[in-house]
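Topology and contacts: notes
Here are the chains, one letter per residue:
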Amino acid sequence: MSAENQINLFDLSDSGAAADPKVDPELIPTSATIPIPPGTYHSMEEMKAHCDRCFRCDLGHNRTHAVVGEGNVHAQIMLVGEGPGQTEDETGRPFVGRSGELLDKILASVKLTRERDVFICNVVKCRPPENRTPTTDEAEACKGYLLEQIRMIDPKIILLTGATALKGLLGIKQGITKVRGQWVERDGRFYMPIFHPAYLLRNPSREQGSPKWLMWQDIQAVRKKLDEIQNG
């Protein structure tokens, strides 16, 4: 896919006032029409204070907890999912329950942990009803938070789990099965679309060519890329 067909991660020109120093940060949680300028937040705690009272979209009306993220805020790997599920909404933590357990096993298979090596978050910070896919408007309303997380963490590798993350950050509309395992280099970072752990739970086969087998290939490629970056 050509660069022209993809979205520049840090292109905020369409927001108009994104670089306007007159933007009142306290208005950010009130409306998606208020831009989130780069440099708004200095910590995840600051962002969480806004997300906990955010109504930039309607998802805030039904949340128990906003799920901002978890892991090492200095990690070289960032994993971006779609949105919180029921357990995540109840606990305020991303990727918990069976999907989270599987994710931790996948990371551990190449000696990675969420505490030390990865920061985990989602495109939207509040649970969509019935765990449905976030709408385009919901994802756009939350995108400024995600871009600020990427800016603060400054990861070298970003793993995109699911089509919502793939479309939201790279502008790629193809399904994960078409592009998973492929590196996309952008703005000094390496992006890789990967299967969501929930998808792997629904497809338990480990035969060659199965989603779990492909995931094993992908996570090994991630480990190799990380080693190259750290040793380079």
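Quick caveat, the model's predicted, so the values are computed rather than measured.

Brief notes about the overall build of the protein
Helices and strands together make up the secondary structure of the protein, namely eight helices and six strands. Its helices and strands in sequence order give the protein the pattern α-β-β-α-α-β-α-β-α-α-β-β-α-α, from N to C terminus. Here the protein, with 232 residues, has 48% of them falling under the buried criterion. Of the contacts made within the protein by residues no fewer than 6 positions apart, 69% connect residues no fewer than 24 positions apart. Counting every atom, the protein has about 11600 Å² of accessible surface; 49% of that belongs to carbon and sulfur. The distance from the centre of the 29 positive side-chain charges to the centre of the 31 negative ones in the protein is 5 Å.

Some points on the environment of Glu46
Mapped onto the elements of the fold, Glu46 is located in helix α1 (residues 44-51). Sequence spacing of Glu46 and Pro129 is 83 residues, and the spatial spacing of their C-alpha atoms is 26 Å. Apart from residues lying up to four places away in sequence, Glu46 is in contact with Thr40 and Tyr41.

Details of the side chain of Arg189
Along the chain, Arg189 falls in strand β6 (residues 189-194). Its relative accessible area of 7% is what places Arg189 among the buried residues. At a separation of 2.8 Å, a polar atom in the side chain of Arg189 contacts the main-chain carbonyl oxygen of Pro155.

Re the sheet that holds β6
Strands sit in the order β1-β3-β2-β4-β6-β5 across an open sheet of six strands; the sheet is mixed. What marks the edges here is a single partner per strand, and that holds for β1 (70-71) and β5 (184-186). As judged from the three bridges shared by β5 and β6, these two strands associate in the antiparallel manner. For Glu185, the partnering residue across the bridge sits in β6 and is Phe190. Docked against the sheet, helix α5 (residues 163-170) engages β2 (77-81), β4 (157-161), β5 and β6, running at close to 130 degrees with respect to β4.

Some points on helix α3 (residues 97-108)
With twelve residues, α3 extends 16 Å between its outermost C-alpha atoms, agreeing within 8% with the 16 Å of an ideal straight helix rising 1.5 Å per residue. Against the buried residues of α3 lie β2, β3 (118-122), α7 (197-202) and α8 (211-231).

A few points about the confidence of the model for the protein
Of the residues in the protein, 91% have a pLDDT of 70 or more, and the chain-wide mean is 91. Every residue in residues 1-19 scores below 50 in pLDDT, and together they form 37 contacts with partners more than four places removed in sequence or on other chains.

Some points on the environment of Met47
Summarising the element assignment, Met47 is placed in helix α1. For Met47, a relative accessible area of 0% translates into the label buried. Taking C-alpha positions, Met47 is 7.4 Å from Tyr145, a pair spaced 98 residues apart along the chain. Aside from chain neighbours lying at most four places away, what touches Met47 is Tyr41, Val68, Tyr145, Glu148, Gln149 and Met152.

Observations regarding the pattern of salt bridges
Enumeration over the complete set of coordinates arrives at twelve salt bridges. One salt bridge in this structure joins Glu70 and Arg93, with 2.6 Å as the shortest N-O distance. Of this pair, Glu70 sits in strand β1 while Arg93 sits in the loop between α2 (86-91) and α3, and the two are 23 residues apart along the sequence. Here Arg114 and Glu70 are joined by a salt bridge, their closest N and O atoms 3.0 Å apart.

Parameters and conventions
- Residues numbered from 1 in each chain as written.
- Predicted model: local features only at pLDDT ≥ 70, side-chain atom pairs only at ≥ 80, totals over all residues.
- Heavy atoms only, no water.
- Helix = DSSP H or I, 4+ residues; strand = E, 2+ residues; numbered from the N terminus.
- Buried < 20%, exposed > 50% of the residue type's maximum accessible area, 1.4 Å probe, protein only.
- Contact = heavy atoms within 4.5 Å.
- Areas by Shrake-Rupley, 256 points an atom, 1.4 Å probe, with all protein chains shown as cover.
- Lys, Arg positive; Asp, Glu negative; His and termini not counted.
- Charge placed at Lys NZ, Arg CZ, Asp CG, Glu CD.
- Polar contact = N/O pair within 3.5 Å; in protein donor to acceptor, adjacent residues only side chain to side chain.
- Pairing = 2+ DSSP bridges.
- Axes fitted to C-alpha atoms, helices over the stretch in contact; angles between N-to-C directions.
- Expected span 1.5 Å × (residues − 1).
- pLDDT = per-residue confidence, 0-100.
- Salt bridge = Lys/Arg side-chain N within 4 Å of Asp/Glu carboxyl O.

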